[in-house]
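Architecture and fold: a report
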Amino acid sequence: MSSPLPKLDAAGANALLETAFPGIARTGPQVASVRPGRVSVVMPYREGLLRPGGVISGPTLMSLADTAAYALVLAHIGDQLMAVTSQLNISFLRGAKPGDITAEAELLRLGRRLAICDVRIWTEGPERLAAQANVTYALPG
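Report follows, based on the coordinates. All of these numbers come straight from a predicted model, not from anything done at the bench.

Conventions and cut-offs
- Residues numbered from 1 in each chain as written.
- Predicted model: local features only at pLDDT ≥ 70, side-chain atom pairs only at ≥ 80, totals over all residues.
- Heavy atoms only, no water.
- Helix = DSSP H or I, 4+ residues; strand = E, 2+ residues; numbered from the N terminus.
- Buried < 20%, exposed > 50% of the residue type's maximum accessible area, 1.4 Å probe, protein only.
- Polar contact = N/O pair within 3.5 Å; in protein donor to acceptor, adjacent residues only side chain to side chain.
- Contact = heavy atoms within 4.5 Å.
- Pairing = 2+ DSSP bridges.
- Axes fitted to C-alpha atoms, helices over the stretch in contact; angles between N-to-C directions.

Mapped onto the elements, Gln 132 comes out in strand E8 (residues 131-138). A residue is classified by how much of its surface remains accessible, and Gln 132, at 18% relative accessible area, is buried. There is a polar contact of 2.5 Å between the side chain of Gln 132 and the side chain of Asp 118. Contacts of Gln 132, omitting those with residues within four sequence positions, involve Asn 89, Ile 90, Ser 91, Leu 93, Asp 118, Val 119 and Arg 120.

We now examine the environment of Leu 64. Tracing the chain through its elements places Leu 64 in helix H3 (residues 58-77). Under the relative-accessibility criterion, Leu 64 is labelled buried at 0%. Considered as a pair, Leu 64 and His 76 are 12 residues apart in the sequence and their alpha carbons are 18 Å apart. Sequence-distant contacts of Leu 64, that is, excluding residues within four places in its chain, are made with Pro 29, Val 41, Met 43, Ile 101, Thr 102, Ala 103 and Ile 121.

Turning next to the sheet that holds strand E7 (residues 114-122). Judged by pairing direction, the sheet is antiparallel, and its six strands sit side by side in the order E1-E2-E6-E7-E8-E5 without closing on themselves. Among the strands making up the open sheet, the edge pair consists of strand E1 (30-35) and strand E5 (84-92). Across this sheet, the average inter-strand angle for adjacent strands is 20°, counted without regard to direction. The sheet contacts of H3 involve E1, strand E2 (38-43), E5, strand E6 (101-110), E7 and E8, and relative to E6 the element is tilted by about 50°.

In structure tokens:
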């Protein structure tokens, strides 16, 4: 099965994220790359992301999973900011050590009404996943 071709590059996806969430460009996640059916998103590390115990907090990882899926959907459907999360299921696999957080999102299905995404998150490297999420987006009609 071939992956759908993106309509936006990383700069275009970042511009749409900034439109949807003003100020995200200053401290939030940024789309690093867009490829057919995939995006890579990086959230810069800052101490406010840590929970007691010195690992990245679960809410931070969930937010990044959702943002990566949203960026993936926007990169492939274009300027349709009313795409909304309809389901997010996340598994925390190990504590995410302090550092920049990378999320790699892949389109599993892009239909007329739903986009289904797989998101893998890490700080140490893709071979040491901190979390994996399945995210479904409802697309505007």
